[in-house]
Amino acid sequence: MLKQCEGSVAIAESVALCRPEVICAYPITPQTHIVEGLGLLVKSGKLKSCEYINVESEFAAMSVAIGASACGARAYTATASQGILYMAEAIYNASGLGLPIVMTVGNRSIGAPINIWNDHTDSMALRDAGWIQLYAESNQEAVDLHIQAFRLGEALSLPVMVCVDGFILTHAYERVDVPSQEQVDAYLPRFEPRQVVDPDEPVTIGAMVGPEAFMEVRYLAHARQMQALELIPELAAEFRGAFGRDSGGLLHTYRSEDAETIVVALGSVNGTIKDVVDEMRAEGVKIGSVAICSFRPFPSAALAGALGHAARVVVVEKSLSVGIGGNVSHNLKMALAGRATRVHAVIAGLGGRAITMASLKKVFRRAIEDRLEAVSFLDLNMEVVNRQLERERLERRPGPAAEAILRDLAGAGVGVGAGANGKGGAR
Amino acid sequence: MTGPNRVRFYQTGTFTVGNRLLDVSVGSVQSDAERNNSLNSGHRACQGCGEALGARYALDAAMRAVDGRLVVANATGCLEVFSTPYPESSWRVAWLHSLFANAASVATGMAAAMKVKGRRDVRVIAQGGDGGTVDIGFACLSGMFERNDDVLYICYDNEAYMNTGVQRSSATPAAARTATTPAAGDQPGNVFGQGKSVPLIAMAHGIPYVGTASVADLRDLEYKVGRAMAIRGARYLHVHVPCPLGWGCPTGDTIKVARLAAESGLFPIFEAEAGEVTGRRLIRRPVRAEEYLKTQTRFAHLFNPKRDEARLALIQRIADRNIERFGLVEQEAVA
């Protein structure tokens, strides 16, 4: 049904249509509206046969999901930011045990400094945890990806993260088509677990594995993700047949077939990028874009096919791999190994910094003029950075950097918070 | 103890042996030829392991109480490592190991799954050592308690991190030597005035049932497991299980050492319902705390090279306080 609603509400309704049996909720901005929405659906009786558990931490949320999934229940939770790090150990455990839990990540930065706004640092930190990671471009895709995620995860006995940009998508009101229960029931069969904890067939799950078999067990995790590379496009095609729209798949291309310059990104920023592509195309620039939907498994072959003809690829990344640059571009270079394609990483939008069309256009032009560095930072205020570096050079204890930069931005002599004397402030 | 460690085949004065002549209905679960053997022989626990003994009795009692309709979540630790070196398993119950800190939460998830699937007959036990319970797993445990999830959590308390090589936990008693509270300096061993009583904390949650038990009285342990399984909601059982390796006592003395802990009052055995103490195991033959301490090399520095009278008195005070607080000695028995 077409409706105008908040992204989180639409996601909650979509998850409910998947008939989860156990939902674990622990609040963290910007994920809260999703679990609140599900809580209301359960409490009001609209979502039946579902245990909604208010847990005491994200670590417990994932652990409850592990116990529930291991007993054959369809389990769901949602988190973001610090929460995903707090549950990190259990995230690895869920995939190691092959439990098809679905989790929404309302993508948000990681502190310090604490910041509630969007970037991809949180889910990127867990990119190697053995979970499938799907990134939604719009709220419609977020709705659709959750339905596909349960199907995909349960088919392969792997957990799936559906990554949704915090605020930009979770809190945006836009038109969404939420499918009917009949449609979802027809697409998503009942959960038939590969292995369950059950007194009728008592087995030991989670035994200690030594060097003689650990490599093989870990390789199996990789092999299953390679199977997902096959299954993800198949499920997206089937979804198109059943629901009548394109959602999911490994990646989406936009005006890239004849493009010399191709922009690659994950998530909602692809909307902005497409607008820039349209503008530059109108100016006669051969530019296009590719949105990566499945970051894990990484669609190396599909990307090589989609990007191979381009002279250059500009990766707009919402996370910084500190000490080297970008995560996505690093992965992409592996996919393009042996080709002459130049790959640029543009770190953008950290902590919710607006990614504007004007700035993107400028950076794409620099790339086309072969003036763009291998790693660059969109709209980074280097003057402020240099002044802070200078303060640190002059003084052993110049005070907290984040506060000093805020003071600097507010203007010389204008204090931020308690310390108006040029240093000090909140320590 | 001097000389070889003598094995007695008939231990007079215990409740644990000799009941094979009783009617099955009043006999112990272990005396039943049809017992489940939940933790089967062949596992790799050390000789004299109190935890293996406690877990076997507890789970067999639980399996009998719920007619085999049981699933178990196990925390990382000795119990997990010695029982399941892949591809072997000693467990004859449906058993899941996830992580060190999350057994209580995993059990919550299991109980939720069973409830939603209409399998209320299937009951859930979570179990772990003291490290996985009173330290790293404490938040998950408290969460499970306050939500009153339908889980029995059993802590096998051997008073330190034994699996990693005997490091101090918040269940380590005062003065005990561990690898991280060495018997060195002016105040050798574990610091006084630290640690916590998780049974009392569990009671503060107001959960339906809390019990402490000891491998010194296995019949009492079986009774408490049975009692706990007859109740729905969050339940907690804290079982004292000597670790000969970590405590430095002969491997044949596990029961004896556990009994001295109970009889000295250092490990009070009681049960509580809805936050109120409802029963205690009375001390039958009171002993001084030092009789217990002397059996273990982890307390050797209290006696050698000279007696540490001040700290021995402090430990005796802890025992006396327990006896008074839980009423462990009948008034007329106090001489």
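Parameters and conventions
- Residues numbered from 1 in each chain as written.
- Chains lettered and ligands numbered in written order.
- Predicted model: local features only at pLDDT ≥ 70, side-chain atom pairs only at ≥ 80, totals over all residues.
- Helix = DSSP H or I, 4+ residues; strand = E, 2+ residues; numbered from the N terminus.
- Rg over C-alpha atoms; globule rule 2.2 N^0.38 Å.
- Buried ≥ 20, exposed ≤ 12 C-beta atoms within 10 Å, placed from the backbone.
- Contact = placed C-beta atoms within 7 Å.
- Axes fitted to C-alpha atoms, helices over the stretch in contact; angles between N-to-C directions.
- Parallel < 35°, antiparallel > 145°, perpendicular 65-115°, else oblique.
- Nonpolar A, V, L, I, M, F, W, Y, C, P; charged D, E, K, R; others polar.
- Expected span 1.5 Å × (residues − 1).
- Pairing = 2+ DSSP bridges.
- Left-handed = near helix turned anticlockwise from the far one by under 90°.
- Domains from an automatic or database assignment.
- pLDDT = per-residue confidence, 0-100.
- Right-handed = clockwise from strand over helix to strand, strands pointing away.

What about the overall build of chain A?
Each helix and strand in chain A was counted, giving 15 helices and 16 strands. Radius of gyration (C-alpha) of chain A: 23 Å, near the 22 Å computed for a compact globule of 427 residues. Seen along its three principal axes, the alpha-carbon backbone of chain A occupies a region of about 70 × 55 × 55 Å. Looking at chain A as a whole, 51% of its 427 residues are labelled buried.

Quick look at the overall build of chain B
Check the secondary structure of chain B and you find 11 helices and 8 strands. Here chain B has a C-alpha radius of gyration of 19 Å; the compact-globule value for 335 residues is 20 Å, and the two agree. With respect to the three principal axes, the spread of C-alpha positions in chain B is 65 × 45 × 45 Å. Taking all 335 residues of chain B together, the buried fraction comes to 53%. Nonlocal contacts in chain B, meaning residues at least 24 apart in sequence, comprise 69% of its contacts between residues at least 6 apart.

With respect to the packing of helix 11 (residues 300-307) of chain A against helix 12 (residues 327-335) of chain A
Residue and element names in this part refer to chain A. Remark: helix 11 packs on helix 12, axes separated minimally by 9 Å, with the N-to-C direction vectors making an angle of 80°. With respect to each other, helix 11 and helix 12 are oriented roughly perpendicular. Residues Ser300, Leu303 and Ala304 of helix 11 lie in contact with helix 12, whose contacting residues are Leu332, Met334 and Ala335. Residue composition of the contact of helix 11 with helix 12, by class: 5 nonpolar, 1 polar and no charged.

Examining helix 2 (residues 32-43) of chain A
What sets the pattern is the α-helix's 3.6 residues per turn: residues three or four places apart point alike. Residue and element names in this part refer to chain A. Along its 12 residues, helix 2 runs 16 Å from first to last C-alpha, staying within 8% of the 16 Å computed at 1.5 Å per residue. All of the buried residues in helix 2 are His33, Ile34, Val35, Gly37, Leu38 and Leu41. Taken together, the buried residues of helix 2 touch strand 1 (2-6), helix 1 (7-17), strand 2 (22-25), strand 3 (51-54), strand 4 (75-79) and strand 5 (102-107). Remark: Gly45 follows helix 2 within two positions and exhibits a positive phi of approximately 90°.

Description of the sheet that holds strand 6 (residues 235-240) of chain B
Strand order across the open sheet formed by 9 strands is 9(A)-2(B)-1(B)-3(B)-4(B)-6(B)-5(B)-7(B)-8(B), with mixed pairing between neighbours. The strands lining the two open edges of the sheet, one partner per strand, are strand 9 (204-205) of chain A together with strand 8 (276-280) of chain B. Note that strand 5 (residues 209-214) of chain B and strand 6 of chain B share 6 bridges and pair parallel. Bridge pairing in strand 6 of chain B places Tyr209(B) opposite Arg235(B). Helix-sheet contacts for helix 1 (residues 50-65) of chain B involve strand 1 (70-74), strand 3 (123-129), strand 4 (152-157) and strand 6 of chain B, and the interaxial angle to strand 4 of chain B is about 160°.

Quick word on the sheet that holds strand 2 of chain A
Residues and elements named next belong to chain A. Pairing is mixed in the open sheet, where 7 strands are placed in the order 3-2-4-5-7-6-13. With partners counted over all chains shown, the strands left at the sheet margins are strand 3 and strand 13 (294-296), one partner each. Strand-to-strand, the axes of this sheet are offset by a mean angle of 20°, without reference to chain direction. With 6 bridges connecting them, strand 5 and strand 7 (residues 160-165) associate as parallel partners. Residue pairing for strand 7: Met103 is matched across the bridge by Met161.

Observations concerning the packing of helix 14 (residues 382-394) of chain A against helix 15 (residues 401-410) of chain A
Residues and elements named next belong to chain A. Close contact between helix 14 and helix 15 brings their axes to 10 Å; oriented N to C, the two are set at 125°. Judged by the angle between their axes, helix 14 and helix 15 are oblique. For the pair helix 14 and helix 15, the crossing hand works out as right-handed. Facing helix 14, whose interface residues are Val384, Arg387, Gln388 and Arg391, helix 15 presents Ala401, Ala404, Ile405, Asp408 and Leu409. When the residues that make up the contact of helix 14 with helix 15 are grouped by side-chain class, the tally is 5 nonpolar, 1 polar and 3 charged.

Side note on the domain arrangement of chain A
Once the domains are mapped, chain A shows domain 1 (2-243), domain 2 (251-377) and domain 3 (392-427). The gap between the C-alpha centroids of domain 2 of chain A and domain 3 of chain A is 36 Å.

Re the interface of chain A and chain B
Taken together, the contact between chain A and chain B spans 37 residues of the former and 38 residues of the latter. Of all the secondary structure elements, the ones that give two or more residues to the side of chain A that touches chain B are strand 3, helix 3 (58-70), helix 5 (88-96) and strand 9 of chain A. Tallying contributions element by element places helix 3 of chain A first for the side of chain A that touches chain B, with 9 residues. Looking at the side of chain A that touches chain B residue by residue, the classes come out as 23 nonpolar, 9 polar and 5 charged. Of the strand pairs in this sheet, strand 9 of chain A and strand 2 (residues 94-97) of chain B are connected by 2 bridges, and their pairing is parallel.

Some points on helix 1 of chain B
All names here are of chain B. Spanning 16 residues, helix 1 covers 22 Å between terminal C-alpha atoms, matching the ideal 22 Å at 1.5 Å per step. Burial of helix 1 is extensive: 16 of the 16 residues sit out of reach of the surface. Downstream of helix 1 by a residue or two, Asp67 has a phi angle that is positive, lying close to 55°.

What to know about the confidence of the model for chain A
Per-chain confidence: chain A averages 95 in pLDDT, with 96% of residues scoring 70 or above. Low pLDDT, under 50, characterises residues 413-427 of chain A; the stretch is placed with 23 contacts to residues that sit more than four places away or in other chains.

Details of unusual backbone geometry
Following Thr29(A), the chain continues to Pro30(A) via a peptide bond in cis, the omega torsion being 5°. By the element assignment, Pro30(A) lies in the loop between strand 2 and helix 2. The omega torsion across Arg296(A) and Pro297(A) is 0°, close enough to zero to call that bond cis. Relative to the assigned elements, Pro297(A) resides in the loop between strand 13 and helix 11. Even without glycine at this site, Arg19(A) takes up a positive phi of about 55°. With respect to the helices and strands, the residue Arg19(A) is situated in the loop between helix 1 and strand 2. Taking the number of C-beta atoms within 10 Å as the measure of exposure, Arg19(A) has 18 and is therefore partly exposed. Look at Ala175(B): it is not a glycine, yet its phi comes out positive at around 75°. With respect to the helices and strands, the residue Ala175(B) is situated in the loop between strand 4 and helix 6 (198-204).

Points about the pairing of strand 6 of chain B
Residue and element names in this part refer to chain B. Among the 6 residues in strand 6, 6 count as buried, and that is most of the element. Residues of strand 6 alternate between two faces, with Arg235, Leu237 and Val239 on one and Tyr236, His238 and His240 on the opposite face, all of them buried. When strand 4 meets strand 6, the two strands line up parallel, connected through 6 bridges. Looking across to strand 6, one finds that Asp157 is bridged to His240. Chirality of the crossover, the property in question, places the unit of strand 5, helix 7 (residues 218-229) and strand 6 among those that are right-handed.

So, the environment of Cys18(A)
All names here are of chain A. Of note, Cys18 is situated in the loop between helix 1 and strand 2. For Cys18, a count of 22 C-beta atoms within 10 Å translates into the label buried. The contacts of Cys18, once residues within four sequence positions are left out, are His146, Ile147, Phe150, Val184 and Leu188.

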